[in-house]
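# Overview (structure and organization)
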Amino acid sequence: LHLAYRETGTELLKYLKRTGGLWGSPVAVDNLGGDRIISLAVDGIGYAHIAYQKGPLTDLTYAKFNGTGFDPPQVVFSPGGLGIGDPSIVIDAAGYPRIAIGDSQNSRVMLAAWKGGAWSVETVDSSGQPGNGLDLSMAVDGQGREHIAYALPTGGPSGYALRYASRTADGT
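Residues numbered from 1 in each chain as written. Predicted model: local features only at pLDDT ≥ 70, side-chain atom pairs only at ≥ 80, totals over all residues. Heavy atoms only, no water.

### Some remarks on the nonpolar core
Selection criterion: Side-chain atoms within 4.5 Å are what join buried Ala, Val, Leu, Ile, Met, Phe, Trp, Tyr and Cys residues into a set we call a nonpolar core. Using a 1.4 Å probe on the protein chains alone, a residue whose accessible area is under 20% of its type maximum counts as buried, one over 50% counts as exposed, and one in between counts as partly exposed. The helix and strand labels rest on DSSP assignments: H or I over at least four residues marks a helix, E over at least two residues marks a strand, and numbering proceeds from the N terminus. Two residues form a contact once any of their heavy atoms are found within 4.5 Å.
Ranked by size, the top nonpolar core spans 14 residues in total, and within it L60, I89, I99 and I101 carry the most contacts. Of all the secondary-structure elements, those providing two or more residues to this core are strand 7 (59–64), strand 8 (74–77), strand 9 (88–91), strand 10 (97–103) and strand 11 (108–114). Beyond its immediate stretch of four places on either side in the chain, L60 contacts A51, Y52, Q74, V75, V76, F77, I84, P87, I99, I101 and A112.

Right, dumping it as C-alpha cells:
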C-alpha cells in the first residue's frame, strides 16, 4: 500500500509505504507551496510516481521514486494565471507516466506524457468556458490509449458538462 499526502500543519508532500503489515517512515518529497492536489500511481516494479500542483500558480510537478529515494521533482507544465486543476496520473505498460490535467484559466484538458527523454504536453479539449472545474480521471487501456473523463465548464444552466475523451487507434 502506498500513500502520498500533504502533512498537516506544513506544506510538505510526504510519501510512505506499507510492507508486510508495517508502515515505513514518511519521506519528504517536496514543499507544495500551499494546500495542493496530489495524484499517486505505482508502476510494475512497485515504485511510486506522484503528480501534484505546486506553488502559487499551481505548476504541474512530477516526482518519481527510484528505489532508494525520490528523484528531484520536475515541473512538467506551467500554465500561469489560475493554474491547473486536479491531476490524474497513470503509468503505462512501458513504465512511463501520463498525466491528465486541467488548465482552469483556459478551460483546457491537457495530457502530459513522458516520452523517454522529454515531456510532451498536448491539448485534449479546449471547448469549455474559462473558470474552475475540470475534475478528471484517466486510465490507459491494454493498447496504450488514454481514456479521460472530466467535467468541463459550459457557462450553461448546469454549469458543467461531463465529457469523455480517448485516443483512437491512429493516435489522434
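Still more to cover.
### With respect to the side chain of T61
Along the polypeptide, T61 turns up in strand 7. What T61 contacts, discounting residues up to four positions off in sequence, is D30, I50, A51, Y52, K54, P73, Q74, V75 and V76.

### Side note on the pairing of strand 7
Let me state the cut-off plainly: Any two strands with at least two DSSP-identified bridges between them are counted as paired.
For strand 7, the tally of buried residues reaches five of six residues, placing the bulk of the element in the interior. Summarising the sheet, strand 6 (residues 48–54) and strand 7 pair through six bridges and their orientation is antiparallel. Directly across from H49, in strand 7, lies its bridge partner K64. Both strand 7 and strand 8 contribute to a ladder of three bridges, which runs antiparallel. The partner of Y62 across the bridge, within strand 8, is Q74.

### A look at the sheet that holds strand 15 (residues 160–166)
Definition in use: Geometry is summarised by axes, namely lines fitted to C-alpha atoms with helices restricted to the contacting stretch, and by angles between N-to-C directions that run from 0 to 180 degrees.
Across the sheet, which stays open at both edges, the three strands sit in the order 13-14-15 with antiparallel pairing between neighbours. In this open sheet, the two edge strands, each paired with only one partner strand, are strand 13 (136–140) and strand 15. On average, each strand axis in the sheet is inclined to that of its neighbour by 15°, with strand direction left out of account. As defined by bridge partners, strand 13 adjoins strand 14 (residues 146–153) across five bridges and the pair is classed as antiparallel. Counterpart to S137 in the pairing with strand 14 is A149.

### Some points on the packing of aromatic side chains
To keep it simple, the criterion reads: Each aromatic pair joins two rings of Phe, Tyr and Trp (for Trp, the six-membered one) with centres within 6.5 Å, and gets the label stacked for planes under 30 degrees apart, edge-to-face for over 60, and tilted for any other angle.
All chains considered together, the criterion is met by six aromatic pairs. Ring plane angle 80° and centroid distance 5.6 Å describe the contact between Y47 and F65, whose orientation is recorded as edge-to-face. One end of the pair, Y47, is in the loop between strand 5 (38–42) and strand 6; the other, F65, is in the loop between strand 7 and strand 8, with 18 residues separating them in the sequence. On the basis of relative accessibility, which here comes to 17%, the residue F65 falls in the buried class. Among the aromatic residues, ring-to-ring pairing joins Y15, Y47, F65 and F70 into one connected group.

### Things to note about the pattern of salt bridges
Filter applied, for reference: Salt bridges are identified by distance alone: a Lys or Arg side-chain nitrogen within 4 Å of an Asp or Glu carboxyl oxygen.
Evaluation of the coordinates by the stated rule reveals eight salt bridges. Between K54 and D30 there is a salt bridge, with its nearest N and O atoms 2.9 Å apart. Of this pair, K54 sits in strand 6 while D30 sits in strand 4 (residues 27–31), and the two are 24 residues apart along the sequence. The exposure class assigned to K54 is partly exposed, which follows from its relative accessible area of 27%. When its relative accessible area of 13% is taken as the criterion, D30 is described as buried. With its nearest N and O atoms 2.8 Å apart, the salt bridge here joins R98 to E146. Residue R98 is located in strand 10, and its partner E146 is located in strand 14; the two are separated by 48 residues in the primary sequence. You'll find R98 and E146 in the same group, each marked buried. Each member of the salt-bridge network shares a partner with another, and the members are D92, R98, E122, E146 and R167.

Note that every value here comes from positions in space, so none of it alone points to a role or purpose.
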